[in-house]
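Architecture and fold: a report
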Amino acid sequence: MPHIVLLRSVHPDTIAAIEAAPGFTHELVEDTSRDNLARAMEKGEAIIVRGTPIDADFLSFSPKLQIVARHGVGYDAVNVPELTRRGIPLTVTADANALSVAEHALMLMLNIARGTKAYDANTRALKWSTTEAPVTWDLSGMTVLVVGFGRIGGRVARLCDAFGMDVLVCDPNVPMNTVKGAGFRYAKTLQEGLAQADWVTVHCPSNAENRGMVNAEFLAAMKPGARFINTARGTLVQEEALAGALKSGHVAAAGVDVFWDEPTRQDNPLLSAPNVIMTPHSAAATEQSMRRMGLSCVDSIVRHFRGDIDMDMVINKEVIRSNR
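Because the structure is predicted, anything quoted here is derived from the model rather than measured. Starting from 1, residues in each chain are numbered consecutively following that chain's sequence as written. At least 70 in pLDDT is required for a residue's local features to be given in this predicted model, at least 80 for side-chain atom pairs to be given and counted, and no such filter applies to totals for whole chains, interfaces and linings, which use all residues. Hydrogens are left out, water is left out, and the side-chain values use all remaining heavy atoms of the structure.

Moving on, we come to the overall build of the chain. Labels follow the DSSP assignment, with helices taken as runs of H or I lasting at least four residues and strands as runs of E lasting at least two, numbered in each case from the N terminus. Within the chain, the secondary structure is distributed over 13 helices and 12 strands. Its C-alpha atoms give the chain principal-axis dimensions of roughly 65 × 50 × 35 Å. Split into buried and exposed, the 324 residues of the chain put 50% on the buried side. Sequence-distant contacts, at least 24 apart, represent 60% of the contacts inside the chain between residues at least 6 apart. Summary of the burial criterion: residues with accessible area below 20% of their type's maximum are buried, those above 50% are exposed, and those between are partly exposed, where the area comes from a 1.4 Å probe applied to protein chains only. Contacts between residues were defined by any pair of non-hydrogen atoms, one from each residue, lying within 4.5 Å.

In structure tokens, the structure reads:
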């Protein structure tokens with residue numbers, strides 16, 4: 001009887017789906033201290049993981065583990081090579097949170113464009129239509145560069161288009177005709193796009209190729225006074241460089257949902273930088289998204305033990321091929 005260990009709470013419908021699956025049991029671990037994890041993983045054959053690192057140490061006390069279902073799409077904290085070496089597939093919830101993250105990116109853009117933070121503070125202080133009112137802008141007519149045209153980036157592009165923005169797309173892994181066919185302009189190089197954009201929003205995975213890609217050179221190439229949005233991965237951005245660009249005014253504002261270290265530390269330079277709206281890696285945490293991600297995880301686990309896992313959800317596909 002496969003036993004599923006849930007690392008942190010999930011949507012109630014996730015539990016219901018497990019209980020409706022014949023032959024599966026489950027256990028919730030909220031306190032993810034090493035001792036608690038080791039105790040639970042003595043019999044854990046599958047896990048649904050949110051932010052807990054799945055590294056060599058975790059795997060050392062997980063003798064029965066057969067599948068890791070990531071509650072989300074990013075897997076920076078998962079040691080994929082070690083999973084692959086042990087023959088354990090890693091799945092993600094490929095489509096479940098795309099809409100929610102895309103909407104969050106637009107929420108950050110709108111809050112910056114319309115000066116929500118300043119207007120809220122003024123209203124609470126009974127400063128009505130004063131000279132302290134912030135300068136605000138319409139999104140319509142502005143140019144946005146969407147860096148990364150996957151599931152989330154594609155949705156962001158469509159939302160921006162709906163607001164009347166001029167949408168530029170930069171993704172070397174997506175053909176120009178695909179971007180143009182979707183109705184957007186194609187930036188042949190990142191520098192070309194950065195020079196034109198009033199807004200830059202990144203939607204890439206963090207890997208060896210692009211880790212720290214938003215550095216001093218990237219920011220200097222941005223149009224003076226442009227704004228920057230990151231709802232993808234904190235390790236894409238060199239935070240000291242972004243803080244410096246904000247302090248100098250070269251980057252007019254930023255919206256940040258993800259950080260290099262999470263939870264972020266008190267010495268993070270962005271905490272003292274001007275004109276930043278920050279949220280605590282919460283873009284995918286809507287009620288609907290949490291439900292979709294949880295159910296996707298259960299589906300991957302059940303189908304894995306049934307022998308018909310959806311390969312589109314599997315990161316290390318070679319494990320499945322070698323096990324067949």
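Now that the structure has been shown, the text picks up again.
Points on a 1 Å grid over protein atoms alone make up a cavity when a 1.4 Å probe fits among them but cannot get out, and a pocket when they form an open set with protein on both sides within 12 Å along at least five of seven lines; lining residues each have an atom within 4 Å of a point. Grid points are joined across faces, edges and corners, and a volume is the space filled by probe spheres set on the points. Taken as a whole, the second largest pocket encloses approximately 260 Å³ of empty space. Looking at the second largest pocket, it is lined by 14 residues, and the ones nearest its centre are Asn-111, Ile-112, Gly-115, Ala-253 and Asn-275. Those elements that place two or more of their residues in the lining of the second largest pocket are helix H5 (98-113), helix H6 (116-124), strand S11 (251-256) and strand S12 (276-278). Residue composition of the lining of the second largest pocket, by class: nine nonpolar, three polar and two charged. Lys, Arg, Asp and Glu make up the charged group, whereas Ala, Val, Leu, Ile, Met, Phe, Trp, Tyr, Cys and Pro make up the nonpolar group; the residues left over, Gly among them, are polar.

In this analysis, axes come from line fits to C-alpha atoms, helices being fitted only over the stretch in contact, and the angle between any two N-to-C directions falls in the range 0 to 180 degrees. As a packed pair, helix H1 (residues 12-20) and helix H12 (residues 287-306) sit with axes 8 Å apart at the nearest point and diverge in direction by 20°. On the basis of their axis angle, the class for H1 and H12 is roughly parallel. At the point where H1 passes H12, the crossing takes the right-handed sense. From H1, Asp-13, Thr-14, Ala-17 and Ile-18 reach across to H12, where they touch Arg-291, Gly-294, Leu-295 and Val-298. If an angle is under 35 degrees, it is roughly parallel; if it is over 145, roughly antiparallel; if it lies from 65 to 115, roughly perpendicular; otherwise it is oblique. Handedness of each helix crossing follows the sense of rotation of the near helix against the far helix: counterclockwise by less than a right angle gives left-handed, clockwise gives right-handed.

Looking now at the packing of aromatic side chains. Aromatic contacts are taken between Phe, Tyr and Trp rings whose centres are within 6.5 Å, Trp giving its six-membered ring; a plane angle under 30 degrees counts as stacked, one over 60 as edge-to-face, and the others as tilted. A full pass over the atoms with the stated rule returns four aromatic pairs. For the pair Phe-149 and Phe-184, a centre-to-centre distance of 6.1 Å together with 80° between the ring planes defines the contact as edge-to-face. Taken as a pair, Phe-149 in the loop between strand S6 (143-147) and helix H7 (151-162) and Phe-184 in the loop between helix H8 (176-181) and strand S8 (185-186) lie far apart in primary sequence, 35 residues in all. When its relative accessible area of 14% is taken as the criterion, Phe-149 is described as buried. Accessibility expressed as a relative area gives 6% for Phe-184, which makes it buried. Look at Phe-218 and Phe-228: their rings are 6.4 Å apart centre to centre, the planes differ by 85°, and that puts the pair in the edge-to-face class. In this pair, Phe-218 is assigned in helix H10 (residues 216-221) and Phe-228 in strand S10 (residues 226-230), connecting sequence segments 10 residues apart. Using a relative accessible area of 3% as the deciding quantity, one classes Phe-218 as buried. Whether a charge sits over a ring comes down to the Lys NZ or Arg CZ being within 6 Å of the ring centre and within 35 degrees of the ring normal. Taking the ring centre of Trp-137 as reference, the NZ or CZ of Arg-227 above it sits at 4.2 Å.

Glancing now at the pattern of salt bridges. The term salt bridge refers to a side-chain nitrogen of Lys or Arg lying within 4 Å of a carboxyl oxygen of Asp or Glu. Scanning the model with the defined rule gives 15 salt bridges in all. In this structure, Lys-223 and Asp-198 form a salt bridge, with 2.8 Å as the shortest nitrogen-oxygen distance. Here Lys-223 is found in the loop between H10 and S10, whereas its partner Asp-198 is found in the loop between helix H9 (190-196) and strand S9 (199-202), with 25 residues between them in sequence. Judged by its relative accessible area of 31%, Lys-223 is partly exposed. Since its relative accessible area comes to 15%, Asp-198 is described here as buried. Linked by salt bridges that have partners in common, Asp-299, Arg-303, Arg-306 and Asp-308 make up one network.

We now examine the nonpolar core. Definition used in this section: a nonpolar core is a set of buried Ala, Val, Leu, Ile, Met, Phe, Trp, Tyr and Cys residues joined via side-chain atoms within 4.5 Å. By size, the foremost hydrophobic cluster in this structure holds 34 residues, and its most contacted members are Met-109, Val-144, Val-156, Cys-160, Met-165, Val-167 and Trp-199. Only H5, S6, H7, strand S7 (166-170) and H12 provide two or more residues apiece to this core. Ranked by the residues each element gives to this core, the list is headed by H5, at nine residues. Counting 32 residues, the second-largest nonpolar core is a separate cluster that includes Val-202, Met-213, Ala-226 and Ala-243.

The next subject is the sheet that holds S7. Strands pair, by our definition, only if DSSP identifies at least two bridges between them. Read across the sheet, seven strands follow the order S8-S7-S6-S9-S10-S11-S12 without closing on themselves; strand pairing throughout is parallel. This sheet does not close on itself; its edge strands, each paired only once, are S8 and S12. In this sheet, S7 lies alongside S6 in parallel orientation, the contact comprising five bridges. Paired with Leu-145 across the strands is Leu-168, a residue of S7. Packing against the sheet, H7 makes contact with S6, S7 and S9, and its axis sits at approximately 170° to S6.

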